[in-house]
Amino acid sequence: MRKVTYSMGVSLDGYIVGPDGGFDWTVPDEEVFRFWIDEIREVGVHLLGRRLYETMLYWETADQESSLDDAEREWVALWNPLPKVVFSTTLSAVQGNARLASGSLAEEIERLRAEPAVSDIAIGGARLAAEAAKSDLIDEYRVVVHPVLVGGGIPFFPRDERRVNLELVETRTFNSRVAYLRYRVAR
């Protein structure tokens, strides 16, 4: 069965976006960007909330810029053909290789897990991930921790009162002092 993973950059105090809505502290250096490229290779479909979808729209036309470096071009070559499912109540259309979700998050994940593919189902966006976590649909949490405290904003982990036991599967520290933590949900 396909794994559902939730992976994003996060501040040490647990936020994906600061109180001002900014996330400039998550801009990756070359080593971390290479890591994200390798991560996206394992993904067969990406589920996104509206905000993350709109943020990632940049990459749909980024290949038209001559200023992209080789790694950015490689990202575009992997990201653009990747199937994406966007969950939104305000969008009426999406671009690129994306479609608006036709069912609930649980229904979409159930349908995608039933497909014969072996690649991961990635979830992007804290609110969408919180909904998946509440329904116990996430198999792995992949946290890219940046050495900064932002003091508030949108938390990486949902703020509910449900306990989830995790098993540490992998760690990595980058030269930029960014740390990667990969946890499997203990079931």
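Right above here is the structure, for reference.
Predicted model, so just to flag it, every value in this text is computed and none were measured.

Asker: Looking at this structure, how should I read the overall build of the protein?
Answerer: Of regular secondary structure, the protein possesses 6 helices and 10 strands. By the compact-globule yardstick of 16 Å for 187 residues, the protein fits well, its C-alpha radius of gyration being 16 Å. Taking the principal axes of the C-alpha coordinates as reference, the protein spans close to 45 × 35 × 30 Å. In the protein, the share of contacts with a sequence separation of at least 24, taken over all contacts with a separation of at least 6, comes to 69%. Summed over its atoms, the accessible surface of the protein is roughly 10000 Å², and 51% of this surface lies on carbon and sulfur atoms.

Asker: Please explain the environment of Arg-142 as it appears in this structure.
Answerer: Along the chain, Arg-142 falls in strand 7 (residues 140–146). With a relative accessible area of 3%, Arg-142 lands in the buried category. Taking the C-alpha atoms as reference, Arg-142 lies 8.9 Å from Gly-9; in sequence the two are 133 residues apart. The residues touching Arg-142, leaving out its near neighbours within four places in the chain, are Lys-3, Thr-5, Tyr-6, Ser-7, Met-8, Glu-39, Glu-42, Asp-120, Phe-156, Tyr-180, Leu-181 and Arg-182. In this structure the side chain of Arg-142 is engaged in a polar contact, spanning 2.8 Å, whose partner is the side chain of Glu-140.

Asker: For this particular structure, what's the right way to read the packing of helix 1 (residues 30–40) against helix 4 (residues 70–79)?
Answerer: Between two packed helices, what matters for the description is the angle formed by their axes and the separation of those axes. Contact geometry of helix 1 with helix 4 gives a least axis separation of 10 Å together with a crossing angle of 20°. Taken together, helix 1 and helix 4 sit at an angle that is classed as roughly parallel. Helix-helix and strand crossings are classified by hand; for helix 1 and helix 4 the assignment is left-handed. Residues Phe-33, Arg-34, Trp-36, Ile-37 and Ile-40 of helix 1 touch helix 4, and the partners they reach there are Ala-71, Glu-72, Glu-74, Trp-75, Leu-78 and Trp-79. Residues that form the contact of helix 1 with helix 4 fall into these classes: 8 nonpolar, no polar and 3 charged.

Asker: What exactly am I supposed to notice about the packing of aromatic side chains here?
Answerer: Describing an aromatic ring pair means giving the distance of the ring centres and the angle of the ring planes. Taken as a whole, this structure holds 12 aromatic pairs when the rule is applied. Between Tyr-6 and Tyr-141, the ring centres sit 6.2 Å apart and the planes meet at 75°, which makes this aromatic pair edge-to-face. Placement of Tyr-6 in strand 1 (residues 4–11) and of Tyr-141 in strand 7 is noted, with a sequence separation of 135 residues between them. A relative accessible area of 0% places Tyr-6 in the buried class. Between Tyr-58 and Trp-59 the ring centres are 4.9 Å apart and the planes differ by 75°, which places this aromatic pair in the edge-to-face class.

What counts as what
Residues numbered from 1 in each chain as written. Predicted model: local features only at pLDDT ≥ 70, side-chain atom pairs only at ≥ 80, totals over all residues. Heavy atoms only, no water. Helix = DSSP H or I, 4+ residues; strand = E, 2+ residues; numbered from the N terminus. Rg over C-alpha atoms; globule rule 2.2 N^0.38 Å. Contact = heavy atoms within 4.5 Å. Areas by Shrake-Rupley, 256 points an atom, 1.4 Å probe, with all protein chains shown as cover. Buried < 20%, exposed > 50% of the residue type's maximum accessible area, 1.4 Å probe, protein only. Polar contact = N/O pair within 3.5 Å; in protein donor to acceptor, adjacent residues only side chain to side chain. Axes fitted to C-alpha atoms, helices over the stretch in contact; angles between N-to-C directions. Parallel < 35°, antiparallel > 145°, perpendicular 65-115°, else oblique. Left-handed = near helix turned anticlockwise from the far one by under 90°. Nonpolar A, V, L, I, M, F, W, Y, C, P; charged D, E, K, R; others polar. Phe/Tyr/Trp six-rings, centres within 6.5 Å; stacked < 30°, edge-to-face > 60°.

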